[in-house]
Amino acid sequence: MINGDNPWKPCFVIKALRKLLLPTSPASSPEVAESLEACSSDSTAEIRELFDSNSDEMRSNTEVDNERAEDKIPALEEDEFADGQLRRKMQGTLLPRLPLTPGKTLLSLYIEKIGLKDAGLIDPYLTISVRDYLGVAMTAIQDTPVASLIKDNFIIFNVAVEVQKCIEYLPSGVAVFFELKHFKPKKHKKSLKCYGFLERDEIKPGAAVLELYQKPIDYRRRKLKLLTVKALYLHLHLTLHTM
């Protein structure tokens, strides 16, 4: 093969047949030459037809293989997506408690309830994050399940959240943030209602009550505005675990 030419092109096939059929002496048979020339056009057409049929067959086989491959890929059904969303809403993204280390302390936050003037929210839940004084998250961000009950002016959670870092590794200026979020059907999106935070020096075992602030959230805690003047707070219970 020279310069990438295809040896199965009709012209090369004819040349090969000529070398095989025609004598090499000067007294070559003119009858053989004439017969070969006469059938050359027919042979070329037959060879082209053979190549075209093979190409069509290969193209058909490729399409069938592609269809079979697509059949093997499972499609994400709408029902499966809805089930995943429902599972996330019911279970949240809470993480288990870290293994205890000698000489170190872990913090568990039991979220009892949050008081609001207008507590009738759709699918309310809390997002919990531990952030430094610049607002940078220091641990995994966790979501609680949707609140189990709304009674009077209180949204009841009754859920435990495990902070994913030992207290000794939390620097000064750190705070645990609690963001109350809910679903707005008219806008078809989730929205922040209010937030509160627990500062490093407030981490002590026992009950804790946190004030609530208006959005937008300020992780640096420089511009804070209370949500309401009424005595409606976020109610927690803190537990410290040591070995």
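Bear in mind that the values here come from a model prediction, so they are computed numbers and not experimental data. (Residues numbered from 1 in each chain as written. Predicted model: local features only at pLDDT ≥ 70, side-chain atom pairs only at ≥ 80, totals over all residues. Heavy atoms only, no water.)

(A) Looking closely at the pattern of salt bridges. For the structure on display, the rule yields four salt bridges. A salt bridge links Asp 118 to Lys 193; its shortest N-O distance comes to 3.0 Å. Highlighted residues: Asp 118 in the loop between β1 (105-115) and β2 (125-131) and Lys 193 in strand β7 (residues 189-199), separated in sequence by 75 residues. Put simply, Glu 179 and Lys 181 hold a salt bridge, and the shortest N to O gap is 4.0 Å. (Salt bridge = Lys/Arg side-chain N within 4 Å of Asp/Glu carboxyl O. Helix = DSSP H or I, 4+ residues; strand = E, 2+ residues; numbered from the N terminus.)

(B) Representation of the sheet that holds β7. With antiparallel pairing, the five strands of this open sheet are ordered in space as β3-β2-β6-β7-β9. Both outer strands of the open sheet, β3 (142-143) and β9 (213-214), are each paired with one neighbouring strand and no more. Pairing geometry for β2 and strand β6 (residues 175-184), over seven bridges, is antiparallel. Within the sheet, the bridge partner assigned to Ile 128 lies in β6 and is Phe 178. (Pairing = 2+ DSSP bridges.)

(C) Representation of the environment of Tyr 219. Mapped onto the elements of the fold, Tyr 219 is located in the loop between β9 and β10 (234-242). Between the C-alpha atom of Tyr 219 and that of Phe 177, which follows or precedes it by 42 residues, the distance is 8.0 Å. Sequence-distant contacts of Tyr 219, defined by excluding residues within four places in its chain, comprise Arg 131, Asp 132, Gly 135, Phe 177 and Glu 179. (Contact = heavy atoms within 4.5 Å.)

(D) Quick peek at a nonpolar patch on the surface. On the surface, Tyr 133, Leu 134 and Val 136 cluster together into a nonpolar patch covering about 290 Å² of accessible area. Structurally, the position occupied by Val 136 is in the loop between β2 and β3. With a relative accessible area of 46%, Val 136 lands in the partly exposed category. (Patch = residues over 30% accessible without salt bridge, like charges linked within 9 Å, V, L, I, M, F, W, Y side chains within 5 Å. Areas by Shrake-Rupley, 256 points an atom, 1.4 Å probe, with all protein chains shown as cover. Buried < 20%, exposed > 50% of the residue type's maximum accessible area, 1.4 Å probe, protein only.)

(E) Representation of the packing of aromatic side chains within the structure. Tallying each qualifying case throughout the model produces five aromatic pairs. Relative to Tyr 219, the ring of Phe 177 lies with its centre 5.2 Å away and its plane at 80°, an arrangement referred to as edge-to-face. Highlighted residues: Phe 177 in strand β6 and Tyr 219 in the loop between β9 and β10, separated in sequence by 42 residues. Relative accessible area serves as the criterion here: at 0%, Phe 177 is assigned to the buried category. (Phe/Tyr/Trp six-rings, centres within 6.5 Å; stacked < 30°, edge-to-face > 60°.)

(F) The pairing of β10, seen in detail. Sheet analysis places β1 next to β10, joined by nine bridges and oriented antiparallel. Bridging from a neighbouring strand, Leu 109 pairs with Leu 238 of β10. In this structure, strand β8 (residues 206-210) lies alongside β10, joined through five bridges in antiparallel fashion. Considered in β10, the bridge of Ala 207 is made with His 237.

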